[in-house]
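Residues per chain, in single letters:
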Amino acid sequence: MATLEGPLSRQLIFEPQNSLEMSPDELAPLVDSIQLILNEESATNPFTVAVSFEEPLGAANNLWEILHVFLPSSNLVKDAIWTKIGDRITAFMRSRFRKPHEAERPRVTHIYGPRGEILKTVILRSADDDPDWQDGGEDRPFPLPRG
Amino acid sequence: MTPIKSWSPEWEPDTKPEDFPAAARILGGATSRFLRNGFSSPIFNKRVGLFESQRVTELDDGHYNIQCLFYERLRSLDEIYRALVIRNKDPWQVDYRATAIELSIDIFPSFYDAVDGVVPMPGDGEPSRGGHNIAVYDVEEDHFLFQHVWSNGLALDSGTLPIDYLDLHLREAWMLRFRTGQLPDEADESGVSARADGEVRTDLFTPWIQINQRAMCTTFFQWKEGAGSGQPWLQVVAIAKSPSGKPVIAGWAHGRKDDDLIEFEELFVWPRYRGKKIGTVMAADALMMARAYGALEGSWVETTDDAHSNELFQSFPEEWMRPTIPHWLRNASWIPCTEKPVNAISEPADMFEMMMSFGTPEQRAIQAARLREIHDDNSESNHNFEDS
């Protein structure tokens, strides 16, 4: 699992909305599996996958569990490889429903482009629900990731 | 007769998209992601509420009424009880015009699937998931009634929370009020607690103040009666010029007086007006006014959520204008004045000396005149809070 170092133009960054509910250890299997997919795609110069955590400040919790994924290129979601990555993400988020007291929490993943714009959003409303993929369309661009 | 003109502050978030993360941090310690999802701390909400709701009315040339809200931190469950009683005994809130009491609590996973909103005590080993805002509006037997909104903007929800939960997992509690009840020694029968040099009005506005157009800011102060403990609060408000030249409340400081001690829990300057020493002027004025009304010792208290905000500032470059109190002012306030140390504000004469060490010449002259007048008033009437 890479750290937030190196050129951002080659990194996929995974960042939970609330780092208290999704630890690095919990994210590691997802990140590692996506790194394997990327390595298979380009053995010489693959994208790397990194995780980012911020201490949650303030005081307003979220019923939805949210994962942010920042992509180095908006074209990535148009590639064939995205199907595999998207499947990994939805499988990971689906597994989160098994946590105690959390079977009712919808799971949301926002996929951002390099300018911070939302490219895709996938929502899982229950463990048995089909993933609801939505295209981005927010007027206000999302701030760039740190780094 | 000069027509009365009123206006509200020019409400501009003064944030371009690329500035958004930093601006959010400046305002309340919330990161961009959290602000985007409504993730804010109670003190952030109170600050925005005070600034947004202010209203300035021009009476005649150079004289203004300023409508200014007040918020206070409730320090314990007992104070929350008392504030709830005050709020609920008068459903129309004629006397106090209180808004809901906002709490910041630790939240646990069992909160997420609480049936019908009846939140249980967290189980053994249940990990905290961070903070959460709720607004309590009543108390019954062994639980509080509350409302809350999840931070992604879902509908308003309500529920109950055990009293023991708050006893163990309360972070902070705040109450915002439009009108603050009366202090026995200062208010008239209508309940106005504001006091300044001049006419006392009986509406929600402050007494009129005359603004020094040449000074960087004009400060005035009011004593309020706390809803939590009944102790007096000192509110110092700084009026500055907005970009259009109209007066605007640019900053405020709140201190709670307990016998000889006054603890300032809030010193805030709206981001647009930072870097002009308004905070320093307010801090110094607050200390002087506290001393003039019987405080012998003062301290600056950093609340939990504000500490998060200030912590973030440490990673910012200097030009972001970190909101700090000058060390010489902080030191002076911490030293018990009964020991007569250097820099302590022990006698009015010392206050004059201290006052002359900051501000513009015009401002110093106004402050000096005002302080002498207050001091003379106090000497004549032997007025202080211990007598009330």
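Keep in mind it's a predicted model, so treat the numbers as computed, not measured. (Residues numbered from 1 in each chain as written. Chains lettered and ligands numbered in written order. Predicted model: local features only at pLDDT ≥ 70, side-chain atom pairs only at ≥ 80, totals over all residues.)

Focus on the pairing of strand β4 (residues 70-74) of chain B
Cut-off, in case you're wondering: Three classes are used. A residue is buried when 20 or more other C-beta atoms lie within 10 Å of its own, exposed when 12 or fewer do, and partly exposed in between, with C-beta atoms placed from the backbone. Put simply, DSSP marks the helices as runs of H or I at least four residues long and the strands as runs of E at least two long, and each gets a number from the N terminus on.
Of all five residues making up β4(B), five are buried, and the element is well covered by its neighbours. Across the two faces of β4(B) the burial is the same, with Phe70(B), Glu72(B) and Leu74(B) and Tyr71(B) and Arg73(B) all buried.

Considering the sheet that holds strand β12 (residues 232-241) of chain B
Strand pairing in a sheet relies on backbone hydrogen bonds, with the paired strands running either antiparallel or parallel. All names here are of chain B. To be explicit about the condition: Two strands make a pair as long as DSSP finds a minimum of two bridges between them. To get an axis, a line is fitted to the C-alpha atoms, and for a helix only the part in contact is used. The angle between two axes follows their N-to-C directions and goes from 0 to 180 degrees. Residues are defined as contacting one another if the C-beta atoms placed from their backbone atoms lie within 7 Å.
In space, the five strands of this open sheet follow the order β11-β12-β13-β14-β15, with mixed pairing throughout. In this open sheet, the two strands that pair with only one neighbour each are β11 (218-225) and β15 (297-300). Strand-to-strand twist of the sheet, defined as the mean angle between neighbouring strand axes without regard to direction, takes the value 25°. Summarising the sheet, β11 and β12 pair through eight bridges and their orientation is antiparallel. Across the sheet, the residue bridging to Lys-224 is Trp-233, located in β12. Sheet contacts for helix α6 (residues 278-292): β11, β12, β13 (247-258), β14 (261-269) and β15; angle to β12, the most-contacted strand, approximately 145°.

Comments concerning the sheet that holds strand β2 (residues 48-51) of chain A
Residues and elements named next belong to chain A. Pairing is mixed in the open sheet, where six strands are placed in the order β2-β1-β3-β4-β5-β6. Each end of this open sheet is capped by a strand with a single partner; those strands are β2 and β6 (132-135). Within the sheet, the average angular offset between the axes of one strand and its neighbour, ignoring direction, is 20°. Here strand β4 (residues 107-112) runs beside strand β5 (residues 118-124); their pairing, made up of six bridges, is antiparallel. The residue of β5 that forms the bridge with Val-108 is Ile-123. Relative to the sheet, helix α1 (residues 24-41) contacts β1 (11-16) and β2, its axis offset from that of β2 by approximately 170°. Contacts between helix α2 (residues 81-95) and the sheet are confined to β3 (65-70), β4 and β5, with β5 contributing the most and set at about 40° to the helix.

Some details on the confidence of the model for chain A
All names here are of chain A. Selection criterion: Known as pLDDT, the predictor's confidence for each residue is given on a scale from 0 to 100.
This prediction gives chain A a mean pLDDT of 82; 83% of its residues lie at or above 70. Per-residue pLDDT, averaged within each element of chain A, yields its smallest value for β1 (88) and its largest for α2 (94). Throughout residues 139-147 the model reports pLDDT below 50, and contacts reaching past four residues in sequence, or to other chains, amount to 21 contacts.

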